[in-house]
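Given next are the chains, with one letter for each unit.
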Amino acid sequence: MKKIYKNLASSILLLLIVFSISLGIPVNAAKYDRVDVGGMPFGVKFFSQGIVVVGFTDIETISGTKTPAYDAGLRVNDIITEVNGTEVKTSSEFISIIENSADKIEITFLRDGQEKKVSFQPSLSSTDGKLKTGMWIRDTTAGIGTVTYIIPKTGEFAGLGHGICDANTGELLKMEKGTVLNVQISGISKGISGTPGELKGYFTSDKAGILLENTLCGVYGIMNDVPTEVCPMRNIEVGDRCDVRKGQAFIWCTLDEGKPQKYEIEIGEINPDSRDNRSFEVTVVDSALLEKTGGIVQGMSGSPIIQDGKLIGAITHVLINDPAKGYGIFIDNMMGEVG
């Protein structure tokens, strides 16, 4: 009888594991016990899965204004994959096909994961004499963020603490391929109430690694060379959400010193059930950081948060009306997104 119960229990466990895998539910989310702390800036550049529609505009023609793409049914955030049966991956490819189209065009696109098609005639612009669709489109995205942690043996890293989203729609951009670039911080635009500041910088290399995933809880990739010489804390323990408490904590970020520096913050209200990138409130109290940046600025997203000697999260957002305040994400939320 004991053997029967033992076999039954094993069968149930196996079924649960298989069921979880088939549904995409992680049995054990990817988790590291110890990591190297980041705090250094990095650049990202990636191509979307197709061409993203980000807006529409009127076309001036000899017979009045027209919006052919919108009138045909295309909408913001649609992802164009083909024109007349030919795959298109860049804006230049798309524009070239449109400008050389004598007849109607057929556009294949994705909307909420569903493939759709529309056909319409591009309009001849009376401004420059070219055929146009009346759409604003984009195929690549580039920006600057901060590394949260690194796995030195493999070069795996995570950063930002939130996803890279379309500036016009706010939707998470679907990534086809991405590149990690080295960044040199060249200046700081200080944040004030109503206007977020930003770290200004420039890319110093063509490729420092690859970007593998863009998720709501951060971006993930692999570095070609781990910058161990500037990692501020090596082999640090990773904390769980239950380790996070109100009170003093520290962040590491790179401003104008060329390497990560330590700044004091205060952790406020905590949402223990958070599964997103706003897990707890943070307030910058370090006078040096407030003097330089006004608080949290764009480019600091991903700055690792240390409390009681453990990596417990990362900076993710700033409050527009009070740049000294913002939000952080639990580190287990970030690690739970690793594919």
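Residues numbered from 1 in each chain as written. Predicted model: local features only at pLDDT ≥ 70, side-chain atom pairs only at ≥ 80, totals over all residues. Heavy atoms only, no water.

A.B. asks: Can you tell me about unusual backbone geometry, naming the residues and giving the values?
C.D. replies: What is expected of a backbone is that most residues other than glycine have negative phi and most peptide bonds are trans. One non-glycine residue, Asn77, lies in the positive phi region at around 85°. Of note, Asn77 is situated in the loop between α2 (68-72) and β5 (79-83). The class for Asn77 is partly exposed, based on a relative accessible area of 26%. If you check the backbone angles, Asp308 has positive phi at about 55° while not being a glycine. Tracing the backbone shows Asp308 in the loop between β22 (304-307) and β23 (310-319). Relative accessible area serves as the criterion here: at 53%, Asp308 is assigned to the exposed category. (Helix = DSSP H or I, 4+ residues; strand = E, 2+ residues; numbered from the N terminus. Buried < 20%, exposed > 50% of the residue type's maximum accessible area, 1.4 Å probe, protein only.)

A.B. asks: How would you sum up the confidence of the model for the chain? Please name residues and give values.
C.D. replies: Scored by pLDDT, the chain comes out at a mean of 85, with 88% of its residues at no less than 70. Mean pLDDT across the secondary structure elements of the chain bottoms out at helix α1 (residues 2-23), with 36, and peaks at β22, with 98. Note on residues 1-30: pLDDT under 50 across the span, and seven contacts to partners over four residues away in sequence or across chains. (pLDDT = per-residue confidence, 0-100. Contact = heavy atoms within 4.5 Å.)

A.B. asks: Describe the nonpolar core, with residues and values.
C.D. replies: Core analysis: the biggest nonpolar cluster contains 22 residues, and Ile251, Phe280 and Ile305 have the highest contact counts within it. Sorting the residues of this core by element identifies β14 (183-189), β19 (247-253), β20 (261-270), β21 (280-284) and β23 as the ones contributing at least two each. In this view, Ile251 contacts Gln261, Lys262, Tyr263, Ile265, Leu289, Met300, Pro304, Ile305 and Ile315; residues no more than four positions away in its chain are not counted. Val52, Val147, Phe157 and Cys231 belong to the second-largest nonpolar core, a separate cluster that totals 19 residues. (Core = buried A, V, L, I, M, F, W, Y, C linked by side-chain atoms within 4.5 Å.)

A.B. asks: Outline the packing of aromatic side chains, supporting the account with residue identities and numerical values.
C.D. replies: Scanning the entire structure with this criterion turns up four aromatic pairs. A ring pair is formed by Phe42 and Phe157, whose centres lie 5.4 Å apart and whose planes are at 75°; its orientation type is edge-to-face. Of this pair, Phe42 sits in strand β2 (residues 41-56) while Phe157 sits in strand β12 (residues 156-159), and the two are 115 residues apart along the sequence. Exposure remark for Phe157: the relative accessible area of 2% places this residue in the buried category. Residues Phe56 and Tyr70 carry aromatic rings whose centres are separated by 5.2 Å and whose planes lie at 80° to one another, so their mutual orientation is edge-to-face. With Phe56 in strand β2 and Tyr70 in helix α2, this pair connects stretches of sequence that are 14 residues apart. When the ring centre of Tyr70 is taken as origin, the NZ or CZ atom of Arg75, which lies over that ring, is 3.7 Å away. Residue placement shows Lys262 over the ring face of Phe250; its charged tip is 4.3 Å from the ring centre. (Phe/Tyr/Trp six-rings, centres within 6.5 Å; stacked < 30°, edge-to-face > 60°. Lys NZ or Arg CZ within 6 Å of the ring centre and 35° of its normal.)

A.B. asks: Can you explain the side chain of Asn277? Please cite residues and give values.
C.D. replies: One can find Asn277 in the loop between β20 and β21. Classification of Asn277 as buried rests on a relative accessible area of 13%. Here Leu216 takes part through its backbone oxygen, which lies 2.7 Å from a polar atom of the side chain of Asn277. Once residues lying within four places of it in the same chain are set aside, the contact partners of Asn277 are Gly161, His162, Leu216, Thr316, His317, Gly328 and Ile329. (Polar contact = N/O pair within 3.5 Å; in protein donor to acceptor, adjacent residues only side chain to side chain.)

A.B. asks: If you had to explain the pairing of strand β7 (residues 105-111) to someone new, which residues and values would you point to?
C.D. replies: In the case of a regular strand, side chains alternate between the two sheet surfaces. Bridging between β5 and β7 involves four bridges; their strand directions are antiparallel. Counterpart to Glu82 in the pairing with β7 is Thr108. Direction of pairing for β7 relative to strand β8 (residues 114-120): antiparallel, over a ladder of seven bridges. Paired with Glu106 across the bridge in β8 is Ser119. Here β7 folds back onto β8 in antiparallel fashion, the turn holding two residues, of which Asp112 has a positive phi close to 55°. (Pairing = 2+ DSSP bridges.)

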